[in-house]
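Now for the letters of each chain:
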Amino acid sequence: MGEAIVVTSGKGGVGKTTTTANIATGLALRGKKVVMVDADIGLRNLDVIMGLENRIVYDIIDVVDGVCRIKQALIRDKRFEGLYLLPAAQTKDKDAITPAQVEKLMGDLKETFDYVIIDCPAGIEQGFINAVSAADQAVVVTVPEVSAVRDADRVIGLLSTFDLTAPKLLVNRIRSDMVRRGDMMNIHDILEVLRVELVGVVPDDENIVPASNMGIPIVSNPEHPAGRAYQNVADRLMGRPVPFMDLEPPRLTLMSRFRRLFESSRAGGALR
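Definitions and cut-offs
- Residues numbered from 1 in each chain as written.
- Predicted model: local features only at pLDDT ≥ 70, side-chain atom pairs only at ≥ 80, totals over all residues.
- Heavy atoms only, no water.
- UniProt positions renumbered as here; feature names shortened; annotations may be inferred.
- 1 Å grid on protein atoms, 1.4 Å probe; cavity = no way out; pocket = protein on both sides within 12 Å on 5 of 7 lines; lining within 4 Å.
- Helix = DSSP H or I, 4+ residues; strand = E, 2+ residues; numbered from the N terminus.
- Contact = heavy atoms within 4.5 Å.
- Buried < 20%, exposed > 50% of the residue type's maximum accessible area, 1.4 Å probe, protein only.
- Expected span 1.5 Å × (residues − 1).
- Core = buried A, V, L, I, M, F, W, Y, C linked by side-chain atoms within 4.5 Å.

### Notes on the UniProt feature "binding site: ATP" (unreviewed entry) in the chain
Mapped onto the present numbering, the UniProt feature "binding site: ATP" (unreviewed entry) falls on K11, G12, G13, V14, G15, K16, T17 and T18. Cross-referencing the annotated residues with the lining of the second largest cavity gives T18. Mapped onto the secondary structure, K11 falls in the loop between β1 (3-8) and α1 (16-29). Those residues in contact with K11, other than ones at most four positions away along the chain, are A122, S147, A148 and D151.

### Some words on the environment of V6
Mapped onto the elements, V6 comes out in strand β1. For V6, a relative accessible area of 0% corresponds to the buried category. Considering only alpha carbons, one finds V6 and D136, 130 residues apart in sequence, at a separation of 7.9 Å. Once residues within four sequence positions are removed from consideration, V6 is found in contact with I118, C120, A131, V132, A135, Q137, A138, V139 and L164.

### A closer look at α1
Compared with an ideal rise of 1.5 Å per residue, which puts 14 residues at 20 Å, α1 spans 20 Å between its outermost C-alpha atoms and is within 8% of the ideal. Within α1, 13 of the 14 residues are buried, which leaves it mostly tucked inside the rest of the structure. Positive phi appears at G31, one or two residues downstream of α1, with a value of about 90 degrees.

### Some words on the nonpolar core
In this structure, V6, V35, L86, M106 and L109 are the most contacted members of the largest nonpolar core, which totals 50 residues. When residues in this core are grouped by element, the largest group, six residues, is from helix α7 (residues 146-159). Other than its neighbours up to four places away in sequence, M106 contacts V37, V116, I118 and A134. Listed in part, the 38 residues of the second largest apolar core include A24, M50, Y115 and A148.

Written as structure tokens, this is what we have:
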């Protein structure tokens, strides 16, 4: 029997769908059979992030309404072995599915897959209830902004009412230079407020946007800092003890500063 993990936030725009795609892909790269479930009925985006939007025939509502079987609605990602997507419906609203139907669907999926990663819609209304009601574990995504952390705190409290009493925290878009200047909350401050286990810290990587636009999860490229960070998250969700990345930029030693200054002066002299 597999495990259902809901990725949630409360606040929109914190990178929840991107996180869902990268966690799922990271687990698949580690040999697990994984299905991503887009629970954001009416506003599906997970298919776009994964570059699978042109292959959708059926969706999650078609499955619960009996229009098709689960197998017919699943989209296999041909790039990553063992990775599948169950897309949301675009022409329905969140009331088109009930928590009981979601719970039954997740139970069926867990019989086939090692992990079911649920992309939860923003907010704390019906879509949130549908997504979290069938989850075994929750990953709360936030960014180091006061409003986002406050919303994460509210969501963490709500998760306990669904017996999700030990959610894990992923802090997205951290910038060490801004943290150092005091312009951004640091990880310690966020953990002091939320008091949950930290599962990942993802740096503000300029490679994420072009990768998402091309439908390529950045976790598939560990050369990028965010790719390495998401791979570490996948490892931790599997129970592997992985140290957190050092996100501090390398500091120039005194000698390297002199060397850089000398090279700049020499280049300027050559131009003259």
